[in-house]
2 protein chains.
Amino acid sequence: MLQRKPAEDRKADIVEALLRLADQIGPDRLTTNDIAREVGVTQAAIFRHFPTKAELWSAVGEVIAARLAEAWQQALAANTTPKDRLRALIAAQLRQIEAIPALPAILHSRELNVDNANLRQRFRGILLQYQAHLVANLEGMIADGSITPDVRPQDAAILLTSLVQGIAIRWSLGSRGFALQPEGLRLLDVQLALFAYGER
Amino acid sequence: MLQRKPAEDRKADIVEALLRLADQIGPDRLTTNDIAREVGVTQAAIFRHFPTKAELWSAVGEVIAARLAEAWQQALAANTTPKDRLRALIAAQLRQIEAIPALPAILHSRELNVDNANLRQRFRGILLQYQAHLVANLEGMIADGSITPDVRPQDAAILLTSLVQGIAIRWSLGSRGFALQPEGLRLLDVQLALFAYGER
DNA sequence: TATGTTAGTGAGTAATTACTCACAAGAGGT
DNA sequence: ACCTCTTGTGAGTAATTACTCACTAACATA
């Protein structure tokens, strides 16, 4: 028998293993057997910590939600102007996708989209929250005159989240052949320059 | 025994059933049994028409590729100005996603991304072709002065494909609670107005 | 060092998976 | 009405799935 660990540590190991394998094998194809082998325990051990696979996925959702929320908080806390905060929010999101490359695949997984309503609601909430942060800072940018008031902040926020998602998809479909964060920030600047046209 | 059909008709039925189920059940988890039940034949009948599941997926890839290519051709043929053609290309893509709602999921399925290199190559080519169409018409718009030359057409094309993908994700995560095409075209107009700022 | 608690195991389960094969029967041409 | 080609079936297969359960051994604390 291998080294025993406190339940909380082992649970964290299992969630990490799932995130790694979701990237390699795909979220809908990874099995409890794969996870157990990756962690280094037997399959039965997985079910000691998570009664069902669905609850394991919910735990994964919680971990991701917590990490994203913290990244956003840091981005907001470290900057003062709306423009800097917006850039930091986008940068944080790109960095999180690099850190959890399975994220886009999980967004399209059947586990999330079909089987696990709990998980789906969680992610929907996460995306709405992010959108709200973007809108708030875009409103700030309109107020301080750094972008045009001709574009509604809600629409601008959709364009920006789409940008992040689109780049992330290109990144993973293209075998991650470019650096996500620099490329994303470059295109963000292109879009921000467009938003600013009223001020030129 | 139910009604017999010529092989070509039955193959088409099977592909249609797969597309319907890929949306409901998810591309990576739908089984030959599910497909057989949906078509109304036994599981063995599926394997009479397609020797393996992978070859069935390849047939699906061909069907999708043909439909997309035709939609683009019609979009290009029915319009003359670069701006109209660009709008028609985006509209066609949104319409295809509505008609084949499994499309985004298939694009990110493991069947395509990991298991089936044949299918993957087919889709990669299709997407590159779409991007090329967008770039060509964006260049046309720069040439005829309907958008600013400050944005590189390649970057603008990425922003537009990201827009389509981002909206499609919002659409499916939000249980398709809004009409995809109108919302997409509305945001396209917002983006196009930004691209045009140099001309105001 | 003795004891109660908890992480982990080994060996199962029934259900489901993609796929096979010998055979049956509808349909079209003659 | 016959023959033949082709579509479809019934009954299998071995492998894999999520999940269970009786049991064992490591750890904390006293």
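Structural data are supplied above this passage.
Residues numbered from 1 in each chain as written. Chains lettered and ligands numbered in written order. Predicted model: local features only at pLDDT ≥ 70, side-chain atom pairs only at ≥ 80, totals over all residues. Heavy atoms only, no water.

*Asks:* Give a detailed account of the protein's contact with DNA strand C, specifying residues and quantitative values.
*Replies:* The full set close to DNA strand C counts 21 residues, and Arg48(A), Arg4(B), Thr31(B), Gln43(B) and Lys53(B) are the nearest of them. Thr42(A) has a polar side-chain atom sitting 2.7 Å from a phosphate oxygen of DNA strand C. One of the side-chain N or O atoms of Arg48(A) is found 2.4 Å from a base nitrogen in DNA strand C. For the surface near DNA strand C, the secondary-structure elements that each account for two or more residues are helix H1 (7-24) and helix H3 (43-49) of chain A together with helix H3 (43-49) of chain B. When the residues that make up the surface near DNA strand C are grouped by side-chain class, the tally is eight nonpolar, seven polar and six charged. (Near = heavy atom within 4 Å. Polar contact = N/O pair within 3.5 Å; in protein donor to acceptor, adjacent residues only side chain to side chain. Helix = DSSP H or I, 4+ residues; strand = E, 2+ residues; numbered from the N terminus. Nonpolar A, V, L, I, M, F, W, Y, C, P; charged D, E, K, R; others polar.)

*Asks:* Explain the protein's contact with DNA strand D to me, and be specific about the residues and the numbers.
*Replies:* Within the structure, DNA strand D sits among 21 residues, and Arg4(A), Gln43(A), Lys53(A), Thr42(B) and Arg48(B) are positioned closest to it. In the interface set of DNA strand D, defined as its atoms within 4 Å of the protein, sugar plus phosphate atoms amount to 56%. Side-chain polar atom of Arg4(A) to a base nitrogen of DNA strand D: 2.6 Å apart, as the coordinates give it. One of the side-chain nitrogen or oxygen atoms of Thr42(B) is found 2.6 Å away from a phosphate oxygen of DNA strand D. Elements supplying a minimum of two residues to the surface near DNA strand D: H3 of chain A together with helix H1 (7-24) and H3 of chain B. Broken down by element, the residue count for the surface near DNA strand D peaks at four residues, all from H3(B). The residue inventory of the surface near DNA strand D, partitioned by class, reads eight nonpolar, seven polar and six charged.

*Asks:* Please provide a residue-by-residue account of the side chain of Asp23(A), values included.
*Replies:* Following the sequence through the fold, Asp23(A) ends up in helix H1. The contacts of Asp23(A), once residues within four sequence positions are left out, are Pro101(A), Ala102(A), Arg176(A) and Arg110(B). (Contact = heavy atoms within 4.5 Å.)

*Asks:* Go over the relation of the copies chain B and chain A, please, and point to the residues and values.
*Replies:* Superposing chain B onto chain A requires a rotation of 177° together with a translation of 0.5 Å along the rotation axis, leaving an RMSD of 0.4 Å. Considering both components of the superposition, the chain copies are consistent with a two-fold axis. Residues of chain B ranked by C-alpha distance from the rotation axis are headed by Ser162(B), positioned 2.4 Å from it. Take the interface residues of chain B: 95% of them recur as interface residues in chain A, which is what a same-surface contact looks like. (Least-squares fit on C-alpha atoms with pLDDT ≥ 70 in both.)

*Asks:* Pulling in residues and values, what's your account of the interface of chain B and chain A?
*Replies:* At the junction of the two partners, chain B supplies 39 residues and chain A supplies 44 residues. Between chain B and chain A the total buried area reaches about 3,700 Å² when both faces are included, carbon and sulfur atoms providing 59% of it. The partner of Asp115(A) in a salt bridge is Arg29(B), and the shortest N-O contact between them spans 2.8 Å. On the surface where chain B and chain A come into contact, there are eleven residue pairs in polar contact (both at pLDDT 80 or more). When contributions to the side of chain B that touches chain A are tallied by element, the ones reaching two or more residues are helix H6 (103-107), helix H7 (110-115), helix H8 (117-143), helix H9 (153-173) and helix H10 (180-195) of chain B. In terms of residue class, the side of chain B that touches chain A is made up of 17 nonpolar, nine polar and 13 charged. (Buried area = accessible area lost by both parts, 1.4 Å probe. Salt bridge = Lys/Arg side-chain N within 4 Å of Asp/Glu carboxyl O.)

*Asks:* Lay out the packing of H9(B) against H10(B) with the relevant residues and their values.
*Replies:* Residues and elements named next belong to chain B. Remark: H9 packs on H10, axes separated minimally by 10 Å, with the N-to-C direction vectors making an angle of 150°. When the interaxial angle is binned, H9 and H10 end up roughly antiparallel. When the axes of H9 and H10 are compared, the crossing they make is right-handed. Where H9 approaches H10, its residues Ala 156, Leu 159, Leu 160, Leu 163, Ile 167, Ala 168, Arg 170 and Trp 171 are matched on the opposing element by Leu 180, Glu 183, Gly 184, Leu 187, Leu 188, Gln 191 and Phe 195. (Axes fitted to C-alpha atoms, helices over the stretch in contact; angles between N-to-C directions. Parallel < 35°, antiparallel > 145°, perpendicular 65-115°, else oblique. Left-handed = near helix turned anticlockwise from the far one by under 90°.)

*Asks:* So what's going on with the pattern of salt bridges? Which residues, and what values?
*Replies:* All names here are of chain B. The final tally for this structure, using the stated rule, is 31 salt bridges over all chains. Across the salt bridge formed by Asp 189 and Arg 87, the nearest N and O atoms sit 2.4 Å from each other. Note that Asp 189 is positioned in helix H10 and Arg 87 in helix H5 (residues 82-99), a separation of 102 residues in sequence. The class for Asp 189 is partly exposed, based on a relative accessible area of 38%. (Buried < 20%, exposed > 50% of the residue type's maximum accessible area, 1.4 Å probe, protein only.)

*Asks:* Before we move on, can you summarise helix H9 (residues 153-173) of chain A with the specific residues and values?
*Replies:* Along its 21 residues, H9(A) runs 30 Å from first to last C-alpha, staying within 8% of the 30 Å computed at 1.5 Å per residue. Within H9(A), 17 of the 21 residues are buried, leaving the element largely enclosed by the surrounding structure. (Expected span 1.5 Å × (residues − 1).)

*Asks:* Hey, could you go over the nonpolar core for me, with residue numbers and the actual values?
*Replies:* Grouped together as the largest cluster of nonpolar side chains are 136 residues, with contacts concentrated most on Ile35(A) and Ile35(B). Broken down by element, this core gets its largest block of residues, twelve residues, from H9(B). Residues contacting Ile35(B), with those up to four places away along its chain left out, are Ile14(B), Ala17(B), Leu18(B), Leu21(B), Leu30(B), Ile46(B) and Leu56(B). (Core = buried A, V, L, I, M, F, W, Y, C linked by side-chain atoms within 4.5 Å.)

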